[in-house]
Amino acid sequence: MTTMAQVICGLARRWCFGALGSPLQVPCLQALPLHLGRTATRASQRDLENAVHQVKLWKKDPGNEVKLKLYALYKQATEGPCNLPKPDMMDLVNKAKWDAWSALGSLPKETARENYVDLVSSLSAASEPPSPAKPAADGEQAGGDLVVTSENHITTITFNRPAKKNAITTKMYQDIMLALQAASKDDSVLTVLTGNGEYYCSGNDLTNFTDIPPGGPEEKARTNAILLREFVDCFIDFPKPLVAVVNGPAVGISVTLLGLFDLVYASDRATFHTPFGPLGLSPEGCSSYTFPKMMGPSKAAEMLIFGRKLTAQEACAQGLVTEVFPDSTFQKEVWTRLRAYTKLPPNAVRTSREVMRSKGRERLHAVNAEECGALQQRWLSEECTSAVVRFLSRRGKL
Ligand SMILES: CCCC/C=C/CC(=O)SCCNC(=O)CCNC(=O)[C@H](O)C(C)(C)COP(=O)(O)OP(=O)(O)OC[C@H]1O[C@@H](n2cnc3c(N)ncnc32)[C@H](O)[C@@H]1OP(=O)(O)O
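Residues numbered from 1 in each chain as written. Predicted model: local features only at pLDDT ≥ 70, side-chain atom pairs only at ≥ 80, totals over all residues. Heavy atoms only, no water.

Going by the annotation in an unreviewed UniProt entry, the name recorded for the protein is Enoyl-CoA delta isomerase 2 isoform X1, with Camelus bactrianus given as the source organism.

Printed below as a string of structure tokens:
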């Protein structure tokens, strides 16, 4: 004999629209709203597909009543009125589905589609958690030097050293790698890097160079080169779309890495500066390859060799930035857009990204290895050491 628990489990297992069994009547089904605020626009087939996809992402079971309603609306929207024979009354699950579908009578397909989309959208809005973590104001250092949050299918990695303009310490490189590893396996669709406070990031923390191990500077340069290579490799191999939310000025490695991102959204306050010349350094983050490819060799040379700082608008014109937003509306506009992108079918997003990326990956690894080799030498050069000494002594750190 079929128990009520079995009926509910059966519904829970089978509510995903594919197979039509036969439906059962739920008494208050008709009480569910049919028109939920979609009077101005008609829902398209694409809206319906997006809504179906959205339902599959729901983590919380919406309950049998809603599932039956969604089932019925979907069938009506795609097949029209129910003309299947009524299932046996002991076939409880299929009878419930049949009843729900039949109850829609001759409701036009377009109206059913619209009602389905509206119902999904109202239920999604009701269950959505608060907006993604916004960076705290300068000085309010919640968490450590790196803050990782995961909400609304977006994993956000935030540089959180506003008092040091978010300069990246050795530990932060390691923590970013761990965060990327975790993000590649979590249920997020997008991974975002951003900064807390006035700066996006001021690049490598120049005091990283002062911590000389017993093996001397050669040992330091060797381990730094290994760390940098592993760090950049994580970005090259990262399997999901990477988004930079550049909230303010960006310097050094935080700029060069942008060539490995899929989207770069910048506040109009942001600037992009790679002062490798003055620091006695050479490019990293695969920028010696990605920048000339993106902006042409001479614009890339101006930035990477001669250290020309670009405004956000200039960086956008060169293809380094996807879009620039006014600082006053930056956070709101960018996060709204990113949340909309998470609603796209995730497998299609991943596949498109993979076909776009796979061809160049091997080349990027080779470029990374070459850049790290060159830097290992540069870090030992007099040009580089005196530039670092100048920076640190000006700030009383030597
Ligand atoms: C192992 C992997 C190696 C990867 C290699 C990567 C290469 C690079 O990233 S090269 C780029 C390195 N970064 C820089 O050259 C930037 C250096 N900083 C500055 O030029 C300035 O600080 C600034 C233009 C970013 C900001 O200037 P502003 O006058 O507004 O503020 P400051 O008083 O200078 O800074 C406040 C505070 O922050 C400290 N700080 C800022 N950036 C760094 C940094 N990159 N490394 C270490 N410390 C930094 C600065 O010393 C101040 O600290 P105090 O308040 O303690 O004096």
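Trainee: Now, about the overall build of the protein: what can you tell me, with residues and values included?
Mentor: The helix and strand tally for the protein stands at 15 helices and 9 strands. A burial count over the protein gives 47% of its 398 residues as buried. When contacts within the protein are restricted to residue pairs at least 6 apart in sequence, long-range pairs at least 24 apart make up 76% of them. Summing over all exposed atoms, the protein offers an accessible surface of approximately 18,900 Å²; the carbon and sulfur share of this is 57%. (Helix = DSSP H or I, 4+ residues; strand = E, 2+ residues; numbered from the N terminus. Buried < 20%, exposed > 50% of the residue type's maximum accessible area, 1.4 Å probe, protein only. Contact = heavy atoms within 4.5 Å. Areas by Shrake-Rupley, 256 points an atom, 1.4 Å probe, with all protein chains shown as cover.)

Trainee: Give me the lowdown on the nonpolar core, citing residues and values where you can.
Mentor: Ranked by internal contacts, the top residues of the largest apolar core, which has 63 residues, are Tyr200, Phe235, Phe261 and Phe272. Sequence-distant contacts of phenylalanine 261, defined by excluding residues within four places in its chain, comprise Leu193, Tyr200, Phe235, Leu242, Val243, Ala244 and Arg357. Membership of the second largest hydrophobic core comes to 25 residues, among which are Val66, Leu73, Ala100 and Leu119. (Core = buried A, V, L, I, M, F, W, Y, C linked by side-chain atoms within 4.5 Å.)

Trainee: Account for the pattern of salt bridges, naming residues and giving values.
Mentor: Once their charged atoms are close, side chains differing in charge can pair, the charge on each being opposite to the other. Counting across every chain of the model gives 15 salt bridges. In this structure, the salt-bridge partner of glutamate 323 is arginine 337, at a minimum N-O distance of 2.8 Å. Residue glutamate 323 is found in strand S9 (residues 323-325), and its partner arginine 337 is found in helix H13 (residues 330-341); the two are separated by 14 residues along the sequence. Bridged by salt links that share partners, the residues Asp262, Arg353 and Arg357 form one connected network. (Salt bridge = Lys/Arg side-chain N within 4 Å of Asp/Glu carboxyl O.)

Trainee: Describe unusual backbone geometry, naming the residues involved and giving the relevant values.
Mentor: At asparagine 166, a position not held by glycine, the phi torsion is positive, near 60°. Considering the arrangement of structural elements, one finds asparagine 166 in the loop between strand S2 (154-159) and helix H6 (170-185). For cysteine 286, which is not glycine, the phi dihedral falls at a positive 70°. Mapped onto the fold, cysteine 286 is located in the loop between helix H9 (276-279) and helix H10 (287-295). Cysteine 286 sits in the buried class, given a relative accessible area of 0%.

Trainee: I'd like a rundown of the packing of H6 against helix H7 (residues 216-237), residues and numbers included.
Mentor: Geometrically, a packed helix pair is captured by the angle between its two axes and the distance between the axes. Relative to each other, H6 and H7 sit at 30°, their axes nearing to 10 Å. When the interaxial angle is binned, H6 and H7 end up roughly parallel. Handedness of the H6/H7 crossing: left-handed. The residues of H7 that touch H6, namely those facing Thr170, Tyr173, Gln174, Ile176, Met177 and Leu180, are Leu227, Glu230, Phe231, Cys234 and Phe235. Across the contact of H6 with H7, the residue classes break down as 8 nonpolar, 2 polar and 1 charged. (Axes fitted to C-alpha atoms, helices over the stretch in contact; angles between N-to-C directions. Parallel < 35°, antiparallel > 145°, perpendicular 65-115°, else oblique. Left-handed = near helix turned anticlockwise from the far one by under 90°. Nonpolar A, V, L, I, M, F, W, Y, C, P; charged D, E, K, R; others polar.)

Trainee: Outline the packing of H10 against helix H11 (residues 297-304), supporting the account with residue identities and numerical values.
Mentor: Where H10 meets H11, the closest approach of the two axes is 7 Å, and the angle between their N-to-C directions is 135°. Here H11 runs oblique to H10, going by the angle between their axes. Taken as a pair, H10 and H11 cross one another with a handedness that is right-handed. Listed contacts from H11 to Ser287, Ser288, Phe291, Pro292 and Met295 of H10 are Pro297, Lys299, Ala300, Met303 and Leu304.

Trainee: I'd love a proper account of the pairing of strand S3 (residues 190-195), names of residues and values included.
Mentor: Judged by how many residues are buried, S3 sits mostly within the fold: 6 of 6 residues are covered. Strand direction decides the pairing type here: S2 and S3, joined by 6 bridges, are parallel. Note that in S3 the partner of phenylalanine 159 across the bridge is glycine 195. With H6 bridging S2 and the parallel S3, this β-α-β connection has right-handed handedness. Relative to strand S4 (residues 242-246), S3 runs parallel, the two being bridged by 4 bridges. The residue of S4 that forms the bridge with threonine 191 is leucine 242. (Pairing = 2+ DSSP bridges. Right-handed = clockwise from strand over helix to strand, strands pointing away.)

Trainee: Provide a residue-level description of the sheet that holds S3, including the pertinent values.
Mentor: Strand order in the open sheet formed by 6 strands is S1-S2-S3-S4-S6-S9, and the pairing between neighbours is mixed. Looking along the sheet, the strands with just one partner apiece sit at the ends: strand S1 (146-151) and S9. Between one strand axis and the next, the sheet turns by 20° as a mean value, whatever way the strands run. Running over the sheet, H13 touches S2, S3, S4, strand S6 (263-267) and S9 and is turned about 160° from S6.

Trainee: How would you explain the environment of leucine 263 if you had to name every residue and give the values?
Mentor: With respect to the element layout, leucine 263 can be found in strand S6. Sequence separation between leucine 263 and leucine 320 is 57 residues; the distance between their C-alpha atoms is 9.1 Å. Apart from the residues lying within four places of it in its own chain, the contact partners of leucine 263 are Leu242, Val243, Ala244, Thr322 and Tyr341.

Trainee: Account for the packing of aromatic side chains, with residues named and values stated.
Mentor: Across all of its chains, the model carries 8 aromatic pairs by this definition. Note on tyrosine 173 and phenylalanine 231: the rings are 4.9 Å apart at their centroids and 85° apart in plane angle, and the pair reads as edge-to-face. With tyrosine 173 in helix H6 and phenylalanine 231 in helix H7, this pair connects stretches of sequence that are 58 residues apart. Like phenylalanine 231, tyrosine 173 is buried. By way of ring pairs, the aromatic residues Tyr173, Phe231, Phe235 and Phe261 are connected into one cluster. The ring of tyrosine 71 has lysine 97 sitting right over it, with the charged end atom 5.0 Å from the ring centre. (Phe/Tyr/Trp six-rings, centres within 6.5 Å; stacked < 30°, edge-to-face > 60°. Lys NZ or Arg CZ within 6 Å of the ring centre and 35° of its normal.)

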